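Residue-level structure breakdown
Residues per chain, in single letters:
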Amino acid sequence: MPTALPVFGFAALHQAWQACRRGKQGTRKAQRYGLHLLDNLVQTSVALQTHAWHPSPATRFVTLHPKPREILAADFGDRVVHHLLVPWLERLYEPVFIADSFANRKGKGTHAAVRRLQAFARSQQALASGQGAGHYLQLDIANFFNSIQRRTLFGLLQARVQRDLRRPTSHARHCPPDEAAHMLWLARQLLTGNPALGARYQGRVQDLLRVPAHKQLIHAAPEIGLPIGNLTSQFFANVYLNELDQFIKHQLKVRHYVRYVDDFVLLHHCPQQLAQWRSAITAFLHQRLGLALRDAGRLAPVANGIDFLGYIVRPHYLLVRRRVLGHLHGKLAQIRQHWQRGDGSLHCTAQQADQLHAMLASYWGHIRHAHSHRTRAQVLARHPWLAHWLRQRPDGALQRVDGPAQAPTLARQWRWFARRYPGHALLVQVGSRWECSALAGLPPSTRRPGLPPTHSLHPRDLPALQRRLSAAGQPWLAVAEAGHQHSGRKRRQLCAIGPASALAGTHPLTSTPCTPGAMS
């Protein structure tokens, strides 16, 4: 039985659990694991130290955007183990990886890769000024994750660990022999067997049928393929293609080269040289890694722009890829269709408004890295109904405008919505009732401090009133309670608006609208 080591001890697993749950505290699997945290960590520690641990069945599902793709998500307990193994291996590999590999590494990422490629494009344009136009060669690997040879991958890991075993004990990358044996055993466990065979499928069968058979891991040959969706797979992909990086940088002597997962770009002033490199790369991938290029790639002048990671990269500016904008417009159209009622009014819950903000903020973060002032203005102009929930600040960031940011009392919240939407009938939730302004056409029945006379309405009568106001052409908005402010008082935000404002897509602001934080 292997000797118990701190590397598989409770403290190490607790640290791995903290890293695993970061950003996922609200998910059901993380919460379920946390309910019995002590038992789960102790059981995993014992299983690892006795070499009795093995991966649990994964969850298999399909994502449809940007294209149908099979995902195999490991059990949460397995992900904790992944966060134990990967940092240990990263200590050995980070000094080995080239600087221009940008996928799934700290301090790297898509935007860093795009900036690096743009710097190379500017440099190449300057170098090629007296030798013609600079050119680029963009390549990617066919069915990459499903083509990785796990035996070859483990051989690479084993060779790296054995090399670091021979380093002096004072060296930062020295591997204690017992610790290395444990970690190699764990890596072998993760690289043994096909995780798709015992996976539980979640989702519609129609979606799975949209994924080509050769892109489903369950159809892969024995000892071939890694599951998409795991931390270990992302790291192992970098280990596998590090062989390609070293070949390109040290044997082909390519100066300008950027890789993100299996998509990589080489730049040179001579297109014939790029074509020769393509032939050498094709042979190396086949002979050394058992991989193949998807096609001949794209060889073109740098001035044409390089379609890379959602951007069109030009030497001196960036554009957003049209397909990215197409996906954004499609999602916004679906959201409006889902929110819109037959009378043209828009209805959403607080959760749906939060999801809209998160989705659009993600796209906005991508778009803002490009030269996109006009693009962002066009998105907002094409979907004017967004102005009821979001606006763009002068610095380009998105801001929520569906409720006052600082309005502690009901009276101040009422005045904020009345100023923002003059001429609209206000329907405001107050506890279990709804207070309606005089514009709703109902006789006043209640009087609250700081509010004009209002009519109190039961929630079951609210839909009928909204339909009656829409039929009469009276603009209205409904404001629902949405949690609490820091002060403990109720927070309220827009949950429905209709009919003319929502249907026409106009934003009924005065000439000097108040900001979400401003309050009279």
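Residues numbered from 1 in each chain as written. Predicted model: local features only at pLDDT ≥ 70, side-chain atom pairs only at ≥ 80, totals over all residues. Heavy atoms only, no water.

An unreviewed UniProt entry lists the chain under the name RNA-directed DNA polymerase, from Diaphorobacter limosus. What UniProt records for the chain under Sequence similarities (unreviewed entry) is the sentence "Belongs to the bacterial reverse transcriptase family." (UniProt positions renumbered as here; feature names shortened; annotations may be inferred.)

What follows deals with a positive patch on the surface. Among the surface-exposed residues, Arg28, Lys29, Arg32 and Arg200 lie close enough to one another that they form a single positively charged patch. With three residues, helix α2 (residues 28–35) is the single largest residue contributor to the positive patch. Counting through the fold element by element, arginine 200 comes out in strand β4 (residues 200–201). (Patch = residues over 30% accessible without salt bridge, like charges linked within 9 Å, V, L, I, M, F, W, Y side chains within 5 Å. Areas by Shrake-Rupley, 256 points an atom, 1.4 Å probe, with all protein chains shown as cover. Salt bridge = Lys/Arg side-chain N within 4 Å of Asp/Glu carboxyl O. Lys, Arg positive; Asp, Glu negative; His and termini not counted. Charge placed at Lys NZ, Arg CZ, Asp CG, Glu CD. Helix = DSSP H or I, 4+ residues; strand = E, 2+ residues; numbered from the N terminus.)

What follows covers the sheet that holds strand β15 (residues 433–436). Pairing between sheet strands relies on hydrogen bonds along the backbone, with the strands arranged either parallel or antiparallel. Spatially, β11-β18-β17-β14-β15-β16 is the arrangement adopted by the six strands of the open sheet, whose pairing is mixed. Lying at the two open borders of the sheet, with one neighbouring strand each, are β11 (346–347) and β16 (455–457). Two strands pair when backbone bridges link them, and strand β14 (residues 425–430) and strand β17 (residues 476–484) are joined in this way by four bridges, in the parallel orientation. Note on β17: the bridge partner recorded for valine 428 is valine 479. Strands β14, β15, β17 and β18 (490–498) of the sheet are contacted by helix α14 (residues 410–420), whose axis makes an angle of about 30° with β18. (Pairing = 2+ DSSP bridges. Contact = heavy atoms within 4.5 Å. Axes fitted to C-alpha atoms, helices over the stretch in contact; angles between N-to-C directions.)

If you walk through the whole model with that rule in mind, you get twelve aromatic pairs. Residues tyrosine 257 and phenylalanine 264 carry aromatic rings whose centres are separated by 6.2 Å and whose planes lie at 65° to one another, so their mutual orientation is edge-to-face. Just as tyrosine 257 is buried, phenylalanine 264 falls in that class too. Considering the side-chain rings of tryptophan 339 and tryptophan 385, the 5.7 Å spacing of their centres and the 70° angle between planes classify their relative orientation as edge-to-face. Of this pair, tryptophan 339 sits in helix α11 (residues 322–339) while tryptophan 385 is found in the loop between α13 (373–382) and β12 (390–392), placing the two residues 46 residues apart along the sequence. You can call tryptophan 339 buried: its relative accessible area is 3%. The class for tryptophan 385 is buried, based on a relative accessible area of 1%. Through pairs of rings, three or more aromatic residues link up here, namely Tyr93, Phe97, Phe235 and Phe236. The residue whose ring lies beneath arginine 160 is tyrosine 93, and the NZ or CZ to ring-centre distance is 5.8 Å. (Phe/Tyr/Trp six-rings, centres within 6.5 Å; stacked < 30°, edge-to-face > 60°. Buried < 20%, exposed > 50% of the residue type's maximum accessible area, 1.4 Å probe, protein only. Lys NZ or Arg CZ within 6 Å of the ring centre and 35° of its normal.)

A separate point is helix α10 (residues 271–289). Helix length check: α10, at 19 residues, gives a terminal C-alpha distance of 26 Å against a target of 27 Å (1.5 Å per residue), a fit within 8%. The elements touched by buried residues of α10 are β3 (135–140), α9 (231–251), β6 (263–268) and β7 (298–301). Directly after α10, the chain includes glycine 290, whose backbone phi takes a positive value near 65°. (Expected span 1.5 Å × (residues − 1).)

Attention now goes to the sheet that holds strand β9 (residues 311–314). Spatially, three strands are ordered β8-β9-β10 in an open sheet, and the strand pairing comes out antiparallel. The sheet is open, and its two edges are formed by β8 (306–308) and β10 (317–320), each paired on a single side. The sheet shows a mean angle of 30° between the axes of neighbouring strands, taken without regard to direction. In terms of strand pairing, β8 meets β9 through three bridges, oriented antiparallel. The residue bridging isoleucine 306 from the neighbouring strand is valine 313, located in β9.

Moving on to the pairing of β15. Alignment of β14 against β15, held across four bridges, turns out to be antiparallel. From the neighbouring strand, glutamine 429 faces β15, where its bridge partner is tryptophan 434. In this structure, the hairpin formed by β14 and β15 is closed by a connection of two residues, where glycine 431 is found at a positive phi of approximately 70°. In this structure, β15 lies alongside β16, joined through three bridges in antiparallel fashion. Within the sheet, the bridge partner assigned to glutamate 435 lies in β16 and is serine 456.

This part is about the pattern of salt bridges. One pass over the structure, following the stated rule, counts 17 salt bridges. One salt bridge in this structure joins aspartate 164 and arginine 167, with 2.5 Å as the shortest N-O distance. Aspartate 164 sits in the buried class, given a relative accessible area of 0%. Taking the relative accessible area as the measure of exposure, arginine 167 reaches 23% and is therefore partly exposed. Between glutamate 481 and arginine 492 there is a salt bridge, with the nearest N and O atoms lying 3.2 Å from each other.

If you look at the biggest cluster of nonpolar residues, it comprises 127 residues, and the most contacted ones within it are Phe144, Ile248, Phe264, Ile281, Phe308, Leu356 and Trp389. The leading source of residues in this core is helix α4 (residues 76–93), at ten residues. Those residues in contact with leucine 356 that lie beyond four places of it in its chain are Leu332, Ile335, Trp339, Trp385, Leu386, Trp389 and Leu390. Counting residues in hydrophobic clusters, the runner-up holds 15 residues, among them Trp434, Leu465, Cys495 and Ala496. (Core = buried A, V, L, I, M, F, W, Y, C linked by side-chain atoms within 4.5 Å.)

Here we come to the packing of α4 against helix α7 (residues 177–190). In contact at an axis separation of 11 Å, α4 and α7 are set at 125° when each is read in the N-to-C sense. By the angle between their directions, the pair α4 and α7 is classed as oblique. Every pair of crossing elements has a handedness; the one defined by α4 and α7 is left-handed. The segment α4 lies against α7, with Val81, His82, Leu84, Leu85, Trp88 and Arg91 engaging Glu179, Ala180, Met183, Leu186, Ala187 and Leu190. Taken together, the residues of the contact of α4 with α7 break down into nine nonpolar, one polar and two charged. (Parallel < 35°, antiparallel > 145°, perpendicular 65-115°, else oblique. Left-handed = near helix turned anticlockwise from the far one by under 90°. Nonpolar A, V, L, I, M, F, W, Y, C, P; charged D, E, K, R; others polar.)

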